[in-house]
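Understanding the architecture of this molecule
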Amino acid sequence: MKGRFSIMTKKNFKQWTKAAGVRAIKTMAQTAVATIGTSAVFADVNWLVVGSAALLAGVLSALTSIAGIPEVKAGEAE
């Protein structure tokens, strides 16, 4: 079956995992910076809020990546 739901090979899965991980880490860092910046305006950085917001952003990024990552296309060799 070709198209969006093609079978993912082992190589493509490794590429997908790497791309999804990088994307999640970048998203977590961006969220942490934004949360710290917003908290600093109020003169008190709540590190528990920063950590939980960054972690949630990373999980949501990984779940969103299941729908597809443009950097990795099924059936395409590197």
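Once a new chain begins, its residue numbering starts again from 1 and follows that chain's sequence as written. In keeping with the model being predicted, local features are shown solely for residues with a pLDDT of at least 70 and side-chain atom pairs are shown and tallied solely at 80 or more, while totals for entire chains, interfaces and linings include all residues. Neither water nor hydrogens contribute to the side-chain values; these are computed over all heavy atoms in the structure.

**Things to note about the packing of helix α1 (residues 10-41) against helix α2 (residues 47-65)**
To obtain each axis, a line is fitted to C-alpha atoms, and for helices this fit is confined to the stretch in contact; angles are then taken between N-to-C directions over 0 to 180 degrees. Note on conventions: DSSP H or I runs of at least 4 residues are helices, E runs of at least 2 residues are strands, and numbering of each starts at the N terminus. At a minimum axis separation of 8 Å, α1 and α2 run at an interaxial angle of 150°. By the criterion of interaxial angle, the relationship of α1 to α2 is roughly antiparallel. Crossing geometry of α1 relative to α2 is assigned as right-handed. For the pair α1 and α2, contact is made by Trp16, Ala20, Arg23, Ala24, Thr27, Met28, Thr31, Ala32, Thr35 and Ile36 and by Trp47, Val49, Val50, Ala53, Ala54, Leu55, Ala57, Gly58, Ser61 and Ser65, respectively. Looking at the contact of α1 with α2 residue by residue, the classes come out as 13 nonpolar, six polar and one charged. Note on terminology: angles under 35 degrees are roughly parallel, angles over 145 are roughly antiparallel, angles of 65 to 115 are roughly perpendicular, and the others are oblique. Handedness of a crossing is defined here by the sense of rotation of the near helix relative to the far one, left-handed for an anticlockwise turn of less than a right angle and right-handed for a clockwise turn. Throughout, a residue-residue contact means that at least one pair of heavy atoms, one from each residue, lies within 4.5 Å. Residues are grouped as follows: Ala, Val, Leu, Ile, Met, Phe, Trp, Tyr, Cys and Pro are nonpolar; Asp, Glu, Lys and Arg are charged; every other residue, Gly included, is polar.

**Some remarks on the environment of Val59**
Mapped onto the fold, Val59 is located in helix α2. For every residue, the accessible area (1.4 Å probe, protein chains only) is compared with the maximum for its type, and the residue is labelled buried under 20%, exposed over 50%, or partly exposed between those bounds. Accessibility expressed as a relative area gives 42% for Val59, which makes it partly exposed.

**With respect to α2**
Expected helix span is computed as 1.5 Å times (number of residues minus one). An ideal rise of 1.5 Å per residue puts 27 Å on 19 residues; α2 measures up with 27 Å between its terminal C-alpha atoms. When we look at burial in α2, the residues that qualify are Val50, Ala54, Ala57, Gly58, Ser61 and Ser65. Seen from one end, α2 has its buried residues packed into an arc of 100°, which puts them on one side. Set apart from the buried face of α2 by more than 90 degrees, the exposed residues are Leu48, Leu55, Leu56 and Leu63. Tucked into the core, α2 has its buried residues touching α1. N or O atoms within 3.5 Å of each other form a polar contact, as long as, within protein, one can give a hydrogen and the other can take it, and as long as residues adjacent in sequence are counted only when both atoms are side-chain atoms. With a side-chain oxygen lying 3.1 Å from the backbone nitrogen of Leu48, the N-terminal cap of α2 falls on Asn46. Within this analysis, the arc is defined by the directions that extend from the helix axis to the C-beta atoms.

**Brief notes about α1**
Note: α-helices contain 3.6 residues per turn, so residues at a spacing of three or four share the same orientation. For α1, spanning 32 residues, the distance from its first C-alpha to its last is 47 Å, which sits close to the expected 46 Å at 1.5 Å a residue. The complete set of buried residues in α1 reads Asn12, Gln15, Trp16, Ala19, Ala20, Ala24, Ala32, Thr35 and Ser39. Looking at the packing, one finds that the buried side of α1 touches α2. Following α1 by one or two positions, Ala43 adopts a phi angle in the positive range, close to 75°.

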